[in-house]
Amino acid sequence: MNPVLTALVLMVMMVGSGSFGQTAGSLRLITVDSTRDTVDSSPGDGICRDEAGRCTLRAAVMEAGALDIPVVVELPAGVYTLTRTGSGDEGGDLDLRAQITLRGAGQETTILDGNGIDRVLEVHGDRNVVLENLSVRGGSTDNLGGGILNRLGVLTLTNVTLSGNEARTGGGIFNGNTAVLINVTLSKNNAAEYCGGICNTGTLALINAALHGNRAGGIGGGIINYGTLTLSDAALHGNHAGRYGGGISNGGTLLLSKTVLNANYTDDSGGGIMNYGTLTLSDATLHGNRTGIYGGGIFNGGTLSLFKTVLDGNHAGDEGGGIFNYGTLTLSDAVLSNNRAEQGRGGGIHNQQPGTLTLRGATLSGNSARGPGGGIFSSGPLTLFRVTLTNNSADFGGGIANANVAVLSSTTLSNNRAQKRGGGIDNIGTLILVNATLSGNKADGGGGIWSSGVLRLVFSTLTGNSAAYGGGVGIAGDTAEFRGVILSGNTASVGPECVGRPNSRGYNLIKSSAGCIFTPQTTDLLGQDAGLAPLADNGGSVATHLPGPGSPALDRVPAEHCTDPDNVLKVDKDARNVNRPQGKGCDIGAVERE
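The following paragraphs examine the structure supplied in this document. (Residues numbered from 1 in each chain as written. Predicted model: local features only at pLDDT ≥ 70, side-chain atom pairs only at ≥ 80, totals over all residues. Heavy atoms only, no water.)

Turning next to the pairing of strand β13 (residues 178-187). Judged by how many residues are buried, β13 sits mostly within the fold: 8 of 10 residues are covered. Bridging between strand β10 (residues 154-163) and β13 involves 9 bridges; their strand directions are parallel. Bridge pairing in β13 links Leu 157 to Leu 181. Sheet topology places β13 next to strand β16 (residues 203-207); 5 bridges connect them, and they run parallel. In the sheet register, Ala 179 faces β16, and the bridge partner there is Leu 204. Where β13 lies against strand β17 (residues 210-212), 3 bridges are found, and the strand directions are parallel. If you follow Leu 186 over to β17, its bridge partner there is Leu 211. (Buried < 20%, exposed > 50% of the residue type's maximum accessible area, 1.4 Å probe, protein only. Helix = DSSP H or I, 4+ residues; strand = E, 2+ residues; numbered from the N terminus. Pairing = 2+ DSSP bridges.)

The next point concerns empty space enclosed by the protein. Overall, the coordinates contain 2 cavities of 30 Å³ or more when judged by the stated rule. The volume enclosed by the largest cavity comes to roughly 40 Å³. Where the lining of the largest cavity is concerned, the elements lending two or more residues are α2 (57-66) and β3 (78-81). Class assignment for the residues of the lining of the largest cavity results in 4 nonpolar, 2 polar and 3 charged. What the second largest cavity holds in volume is close to 40 Å³. Taken together, Arg 58, Val 61, Met 62, Asp 89, Asp 93, Leu 94 and Asp 95 form the lining of the second largest cavity. Elements that contribute at least two residues to the lining of the second largest cavity include exactly α2 and β4 (94-96). Of the residues forming the lining of the second largest cavity, the biggest block, 3 residues, is contributed by α2. Per-class residue counts for the lining of the second largest cavity are 3 nonpolar, no polar and 4 charged. (1 Å grid on protein atoms, 1.4 Å probe; cavity = no way out; pocket = protein on both sides within 12 Å on 5 of 7 lines; lining within 4 Å. Points joined across faces, edges and corners; volume = space filled by probe spheres on them. Nonpolar A, V, L, I, M, F, W, Y, C, P; charged D, E, K, R; others polar.)

This part takes up the pattern of salt bridges. Counted under the stated rule, the structure contains 24 salt bridges. Here Arg 119 and Glu 122 are joined by a salt bridge, their closest N and O atoms 3.3 Å apart. Glu 122 carries the same exposure label as Arg 119, and that label is buried. (Salt bridge = Lys/Arg side-chain N within 4 Å of Asp/Glu carboxyl O.)

Take the packing of aromatic side chains next. Scanning the entire structure with this criterion turns up 5 aromatic pairs. Ring geometry for Phe 299 and Phe 324: centres 5.1 Å apart, planes at 10°, overall stacked. Here Phe 324 lies in strand β35 (residues 323-325) and Phe 299 lies in strand β31 (residues 298-300), a separation of 25 residues in the sequence. Accessibility expressed as a relative area gives 5% for Phe 324, which makes it buried. Between the aromatic rings of Phe 299 and Tyr 326, the centroid separation amounts to 5.6 Å while the plane-to-plane angle is 75°, which identifies the pairing as edge-to-face. In this pair, Phe 299 is assigned in strand β31 and Tyr 326 in the loop between β35 and β36 (328-332), connecting sequence segments 27 residues apart. On the accessibility criterion, Phe 299 (6% relative accessible area) is buried. Its end group placed over the ring of Tyr 265, Arg 290 keeps NZ or CZ at 4.6 Å from the ring centre. Here the basic side chain of Arg 345 rests over the ring of Phe 377, its NZ or CZ set 4.5 Å away from the ring centre. (Phe/Tyr/Trp six-rings, centres within 6.5 Å; stacked < 30°, edge-to-face > 60°. Lys NZ or Arg CZ within 6 Å of the ring centre and 35° of its normal.)

Nothing here speaks to function; it is geometry throughout.
Right, dumping it as structure tokens:
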């Protein structure tokens, strides 16, 4: 468990257990013997009894509030229905004014029912309240916290269910201070405006929690967080928000681990999560979330980091099937698969300027967009390192559509499809590829790459791509530079390897120059097949084409020229992180044969 979370849980457990210097003898145990909603006859006399001599839940709470010692209230199986209207201790919700534990006989058998007359429970002041083994349902308020309101207290829930509660804000719970929820379920709670399940403006930890079927008319179907929130081993399913954040809306600090968000939805943006704060996801899964406009899985306008997280089968009505980003987004060892932008751009990810997007060790597969960018659409800065994009599809840029500055290193794009241009990549910005592999991509123009912007290819391999024109590369821009590039085995009716006017910076292997208008350097190899093995796992993080033992690409580049075209950046590693050179010189292409 996260050490900060562990400390928080221990602190709350100590507080809730009646420590604070109290002796065991001063802990008062009250056992309720009636499900009626009647008041205590004489609060503070040490005896829980109403006028008829019964110990009811309200009487026990009133008696606890009048005592200056920790109280444990035992609640046998039964439905404890609130029937008294009005305000104060004698009517409406149960006002928890003491250090108190409400302990039921089980979530299915001990039920606190607000009966629609008020919220069920309110924690007053800085009191420490523990709820165990019970359910809270039927609370209703036009203010905060339909089930439970905790403004300043310390609240611990263990084995508790909150269902069918409603409020303007915080249908299930509103927490303004400190709360820990363990083995808790929130279902079918409703908020007219915000936070169908939980509102948090304080410090909240959820462990082994389930939130399903909660609804908010505005924002945060499951949760809104403006404080500090930690979710671990949680599941959010089928929550709905009218505007943003079907599952979660975060404007604070949120750490989410080992958590699943499934089939959450919103009419506007952020089907799974809407983030304007700081959000970290680790070992999380977002599946089948959907939105009417942007960000089927996640909409990010803040700072978002994903580690070992899977986004699969999420859908956006317009753009960003998996993620829509205009903040700062970093993905490490993440998987985005089968996400879809129904009408617009970015099937996997839409990175909107001024957003910045960095991917390390990620895989994007089977994503699709009706517009540009099946895997990724980016109009902001884009950096990819050791990334795989495969089987993505779009109108333009089956793998990637770039409209800003994109730097791809040790990255493989394979079997992506575009109906029009750029099977692997469509570039209208500045595109730099180092140790990149483009294989088996297809489009009408530019099977591997179509560039009408600035293109720089450095020690990269393009093979097996196909198009009507420009099988490997289609160049419509004024600037395209190649150094150490393999263009071999691509197919097209016009320009099998290349169409356009590239600028050779030396040490390229181009099997056919038909369609390419350029001045070869003396170090270029023309008319020769590269002798590449099929795309395979040759070690490293991405699939590559290994040059065969007799390939003319081997040892072709003197060590001092294993650089970018300006001889500034050393290319001393290949796409697999193998040192260059392995022989007397560096090999042309993305892979150095050992």
